[in-house]
Every structure is written in structure tokens, then in C-alpha cells.
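Here is what each chain is made of, one letter per residue.
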Amino acid sequence: TYRPEAKVLNRLKRAEKAILFNMFQSQDAIALYQADVKFFHDDIYRQIANYFMEIYQSDPPDHQSLINHISLTGGKDQQKIINTIAELMSEKNLPRADKQQLLDYLKTLNEERDKLVKTHQMKVSIAGKSEPEQARIIKELHKQAKPELNQGENQDENQEKNAKK
């Protein structure tokens, strides 16, 4: 089954993973999460970040402290969360990010979230509509997303009006 949102979800998850990993390494990543990210789309990453913020004081907790905290509190998906933390900490392809890299991850996160919202809005807008009506709605949404498309159409319309005169 073709799922156009799969690419968006993959980029979103990679950005979330990088930010989460860096929360264990840096105050900058924690500050970015608190001020700008606030939540993760991925349910397991969101739960890890929530547990992380529960025990965060002035220094980032180490992953073992977080695992111990999760073990004591129990809760939904406990083992999956612990396994994900272990996998995250053993990940070799996630470097410690500087401030600029963190901002790049945030930019990717916001772009991909926006795409998911727009995809959801489109699906809601066209649900239960006829095919011609769906096509009209999709065309209109694309025009809103890319204003430069409107300029081309307006130029074409003006040229047609001028040719008729």
C-alpha cells in the first residue's frame, strides 16, 4: 500500500530520535525540548521524554537512572520503553549535536509536523466527496500551499482577457 506520509514520518522520527539522544548529552538539547519541541509524535519517544523530564534536575540524567525510574514507576509499554532507551544509547550513528545541529533538527521536526497536519486536513476535507469535488479541493489546497502557482494562473487569465480586447 502506498503511503505518502511514510517519508514524512521517517524524517520526523529521525529528528525526534536525534533530539532525544542529545537530551542525555546536553543542556542545550533539554532547553530546546522544553522551549520549542514540547512533545514527540512517536509515542515511545514521547513517553521517554516525559519520564526524562520527571527526573531531570540540573544535569541530564544518565540512561541507567532513567531506566531505574521507569522500572519503579511501571506503566504502559514499560519494557518497550526500556528497550528503546538501550537501543538509543548503543546507537553509533547519532553524534552529539551542537546548537546549530539541534536547531536543524528542530526545523526538520517542524517542517514534517506541518506536512502531517496538512495531509490530515486534506484527508478530512475530501472524505465522502465525489472525485471531481476531491480534485477541486486538492487543487485549492495546493494553491494555498504554493502561492506562486496562483501568480501563473493570474498571468494566464490576464493574457486571455487582453487577447479578447
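Here goes a summary of the coordinates provided.

**Looking at the nonpolar core**
- Of all hydrophobic cores here, the largest spans 34 residues; its most connected members are L20, M23, V37, F40, L66 and I85.
- Here the element with the most residues in this core is helix 1 (residues 5-23); it accounts for seven residues.
- Here V37 is in contact with I19, L32, L106, L109 and R113, once residues within four sequence places are set aside.

**Quick notes on helix 2 (residues 27-37)**
- Burial in helix 2 covers these residues: A29, I30, L32, Y33 and V37. For helix 2, the arc enclosing every buried residue in end-on projection is 160°, short of the 170-degree limit, so these residues lie on one face.
- Capping the start of helix 2, S26 holds a side-chain oxygen 3.1 Å from the backbone nitrogen of D28, two or three residues further along.
- Following helix 2 by one or two positions, K38 adopts a phi angle in the positive range, close to 70°.

Rules and cut-offs
All residue numbers refer to positions counted from 1 along the written sequence of the respective chain. Since the coordinates come from a predicted model, pLDDT governs what is reported: local features require at least 70, and pairs of side-chain atoms require 80 or more to be given and counted, while whole-chain, interface and lining totals use all residues. Excluding hydrogens and water, the side-chain figures rest on all heavy atoms present in the structure. We define a nonpolar core as any set of buried Ala, Val, Leu, Ile, Met, Phe, Trp, Tyr and Cys residues linked to one another through side-chain atoms lying within 4.5 Å. For each residue, the accessible area found with a 1.4 Å probe, counting protein chains only, is set against the maximum for its type, and the residue is called buried under 20%, exposed over 50%, and partly exposed in between. Going along the chain from the N terminus, every DSSP run of H or I of four or more residues is numbered as a helix, and every run of E of two or more is numbered as a strand. Contacts: residue pairs with any heavy atoms within 4.5 Å of one another. In this context, the arc is that of the directions from the helix axis out to the C-beta atoms. As used in this structure description, the phrase polar contact means that two N or O atoms lie within 3.5 Å; if the pair is within protein, one of them must be able to donate a hydrogen and the other to accept it, and residues adjacent in sequence are counted only when both atoms belong to side chains.

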